[in-house]
Amino acid sequence: VGVSLCWPGWARFSYVRMKYLFFSWLAVFVGSWIIYVQYSTYTELCRGKDCKKIICDKYKTGVIDGPACNSLCVTETLYFGKCLSTKPNNQMYLGIWDNLPGVVKCQMEQALHLDFGTELEPRKEIVLFDKPTRGTTVQKFKEMVYSLFKAKLGDQGNLSELVNLILTVADGDKDGQVSLGEAKSAWALLQLNEFLLMVILQDKEHTPKLMGFCGDLYVMESVEYTSLYGISLPWVIELFIPSGFRRSMDQLFTPSWPRKAKIAIGLLEFVEDVFHGPYGNFLMCDTSAKNLGYNDKYDLKMVDMRKIVPETNLKELIKDRHCESDLDCVYGTDCRTSCDQSTMKCTSEVIQPNLAKACQLLKDYLLRGAPSEIREELEKQLYSCIALKVTANQMEMEHSLILNNLKTLLWKKISYTNDS
């Protein structure tokens, strides 16, 4: 009788314990699986050793040359630190070069055809570093570079100046001559829009400085803060943070409003730099906060410019693309054209100018914590900016007016603060 009286309680205890053990093991299993998958993804994304081996093998056999080669491959005073890669074929690391911090970028995969959904740049040819060939004269190399620029940037009248600028950059050892190895490195790098843009905007405040290169690996200036929003957390912790909560965290961990205003002015100035600059118009096709950073003085610095592309280049590639709807006519996240239903082809005219996309990014950033005396006017200006369309009449005049009004409004409010 005693045993039968105890049985129901023991059974309930056993059931609760088994249920607890089952869910504990399930949580451990799922957690382990997620961590394994993420670790596998991390190891696939971060292939710095492979990148270094490819580059150094080419350097040691005399195929390529550049100012970073000896430090990377011989003295090993240039090394990779934290991995920042988001795609396996675009390697990106924090690095140290002779005790100076920098960002190291290296391209990994051969792209034998253009995949419009991923990369605009058919980066590597079938044979790596095959151009220019031995025996190519400096004049012939200049003609190659000129033809490349004409295809990318359009028929600009001052392309010869840009060619001469490239030859100056290519002369890594500054001996007054461009060797074959330096020319091969320069040619590979010129296929990359970010490298080309760094050279074109090398004297502009918000463009990171080029520190050096070796083959198609290059080192650029690093910045202390690498996103407009949020704090950096270990990737394992990021897995378990809901996206909505993460956005709230991002809004909380931002600089004071006057400092945000200064950063925003920097972005507006960068938009001016790439809008009808000396070598044509460049389109910002990914205006994510993660592509923008700032230094300890709250001056904006671009972190990643790989999705900023020449307008001429993008138009040429998109104009005959087959489409079913406007959704098929998108490059990156922000460069959108429309689908012509009569021909089922994408049109070549991008709908939104860079300024509208920048204002969309800045809207929540600037309105949160904005001083009450300018909030209404600031909101009005930002929404007018977001509504800008490339096809609108007098778009360039409106563009300049809105951009100047925004800069004036922000500067007026912070000009007498320490943050200015």
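Structure shown above.
Residues numbered from 1 in each chain as written. Predicted model: local features only at pLDDT ≥ 70, side-chain atom pairs only at ≥ 80, totals over all residues. Heavy atoms only, no water.

### A few points about the overall build of the protein chain
To be explicit about the condition: Only DSSP runs of H or I with at least four residues qualify as helices, and only runs of E with at least two residues qualify as strands; both kinds are numbered from the N terminus onward. For each residue, the accessible area found with a 1.4 Å probe, counting protein chains only, is set against the maximum for its type, and the residue is called buried under 20%, exposed over 50%, and partly exposed in between. Residue contacts are counted whenever heavy atoms from the two residues lie within 4.5 Å of one another. Accessibility throughout is a Shrake-Rupley quantity obtained with a 1.4 Å probe, and a residue counts as covered only by protein chains that appear here.
When you go through the protein chain residue by residue, the secondary structure sums to 14 helices and 13 strands. Classification of the 420 residues of the protein chain by burial places 45% in the buried group. Of all intrachain contacts in the protein chain linking residues separated by at least 6 positions in sequence, the fraction that spans at least 24 positions is 65%. Total accessible area computed for the protein chain in this model is approximately 21,900 Å², and 57% of it derives from carbon and sulfur atoms.

### Let's talk about helix H5 (residues 159–170)
Cut-off, in case you're wondering: Multiplying 1.5 Å by the residue count of a helix minus one yields the expected span of that helix. The arc in question is the one spanned by the directions pointing from the helix axis to the C-beta atoms.
Here H5 contains 12 residues, and its C-alpha end-to-end distance of 16 Å stays within 8% of the 16 Å for a straight helix at 1.5 Å per residue. Burial in H5 covers these residues: Leu-159, Leu-162, Val-163, Ile-166, Leu-167, Val-169 and Ala-170. Seen along its axis, H5 keeps its buried residues to an arc of 160°; they face one direction. Elements that come into contact with the buried residues of H5 comprise helix H4 (138–153), helix H6 (180–190), helix H7 (193–200) and strand E4 (210–214).

### Description of unusual backbone geometry
A cis amide bond links Lys-131 to the next residue, Pro-132, at an omega of -10°. Its location among the elements puts Pro-132 in the loop between strand E3 (100–107) and H4. Positive phi outside glycine occurs at Asp-98, with the angle close to 50°. Backbone geometry places Met-344, a non-glycine residue, at a positive phi of 55°. Within the secondary structure layout, Met-344 lies in the loop between strand E12 (339–340) and strand E13 (345–346).

### Observations concerning the state of the cysteines
Condition: Pairs of cysteine sulfur atoms within 2.5 Å are identified as disulfides in what follows.
By the definition in use, this model includes eight disulfides. Here Cys-51 is linked by a disulfide to Cys-106, with a sulfur-sulfur distance of 1.8 Å. Its torsion about the S-S bond being 115°, the disulfide of Cys-51 and Cys-106 is classed as right-handed. Taken together, the residues span a long stretch of sequence, with Cys-51 in helix H2 (residues 48–60) and Cys-106 in strand E3 at a distance of 55 residues. Comparing Cys-51 with Cys-106 shows no difference in burial state: the two are buried.

### Topic: the packing of aromatic side chains
This is how the line gets drawn: By convention, a stacked pair of Phe, Tyr or Trp rings (six-membered ring in the case of Trp) has centres within 6.5 Å and planes under 30 degrees apart, an edge-to-face pair has planes over 60 apart, and any other such pair is tilted. We call a charge positioned over a ring when the NZ of a Lys or the CZ of an Arg lies within 6 Å of the ring centre and within 35 degrees of the ring normal.
Going through the model one piece at a time under the given rule, you end up with six aromatic pairs. Consider the rings of Phe-195 and Phe-213, whose centres lie 6.5 Å apart with planes at 85°: the pair is edge-to-face. Of this pair, Phe-195 sits in helix H7 while Phe-213 sits in strand E4; the two residues are 18 residues apart in sequence, bridging distant segments of the chain. Phe-195 gets classed as buried once you look at its relative accessible area, which sits at 3%. Relative to Tyr-294, the ring of Tyr-225 lies with its centre 4.7 Å away and its plane at 20°, an arrangement referred to as stacked. Taken together, the residues span a long stretch of sequence, with Tyr-225 in the loop between strand E5 (217–221) and helix H8 (235–238) and Tyr-294 in strand E7 (residues 292–294) at a distance of 69 residues. Given the relative accessible area of 7%, Tyr-294 is considered buried. Pairwise contacts between aromatic rings join Phe-195, Phe-213 and Tyr-218 into one cluster. When the ring centre of Tyr-365 is taken as origin, the NZ or CZ atom of Lys-260, which lies over that ring, is 5.4 Å away.

### A short note on H7
Judged by how many residues are buried, H7 sits mostly within the fold: eight of eight residues are covered. Looking only at H7, the buried set comprises Asn-193, Glu-194, Phe-195, Leu-196, Leu-197, Met-198, Val-199 and Ile-200.

### What to know about the side chain of Lys-363
Tracing the backbone shows Lys-363 in helix H12 (residues 354–367). Excluding residues within four positions of it along the chain, Lys-363 makes contact with Leu-382, Tyr-383 and Ile-386.

### Overview of the environment of Ile-55
Here Ile-55 is to be found in helix H2. As for Ile-55 and Asp-65, which are separated by 10 residues in sequence, their C-alpha atoms are 9.7 Å apart. Contacts of Ile-55, omitting those with residues within four sequence positions, involve Ile-64, Leu-72, Cys-106, Phe-129, Cys-214, Gly-215, Asp-216 and Leu-217.

### Some words on the pattern of salt bridges
Opposite charge on two side chains makes pairing possible when the charged atoms of those side chains draw close. Formally: In the sections that follow, a salt bridge refers to a side-chain nitrogen of Lys or Arg positioned within 4 Å of a carboxyl oxygen of Asp or Glu.
As enumerated under the stated definition, the model contains 14 salt bridges in all. The salt bridge partner of Lys-52 is Glu-76, with a shortest N-O separation of 3.8 Å. Linking Lys-52 in helix H2 with Glu-76 in the loop between helix H3 (69–73) and strand E1 (78–83), this pair joins segments that are 24 residues apart in sequence. Residue class for Lys-52 comes out partly exposed when judged on its relative accessible area of 27%. Between Lys-315 and Glu-311 there is a salt bridge; the shortest N-O distance is 3.6 Å. Of this pair, Lys-315 and Glu-311 are both found in helix H11 (residues 311–318), four residues apart, which corresponds to roughly one turn of the helix. Judged by relative accessible area, Lys-315 falls into the partly exposed class, the value being 25%.

### Notes on the nonpolar core
Here is the rule: Side-chain atoms within 4.5 Å are what join buried Ala, Val, Leu, Ile, Met, Phe, Trp, Tyr and Cys residues into a set we call a nonpolar core. For every domain, the bounds stem from an assignment made automatically or drawn from a database.
With 78 residues, the main nonpolar core has Phe-149, Leu-228, Trp-257, Phe-270, Leu-355, Leu-378 and Leu-410 as its most contacted residues. Ranked by residues supplied to this core, first place goes to helix H10 (residues 257–274) with 10 residues. Both domains that furnish three or more residues to this core are identified here as domain 1 (45–108 + 126–219) and domain 2 (233–413). Sequence-distant contacts of Trp-257, that is, excluding residues within four places in its chain, are made with Leu-366, Arg-368, Gly-369, Ala-370, Pro-371, Ile-374, Leu-378, Leu-410, Lys-413 and Ile-414. With 19 residues, the next largest nonpolar core counts Ile-64, Ala-68, Cys-106 and Val-219 among its residues.

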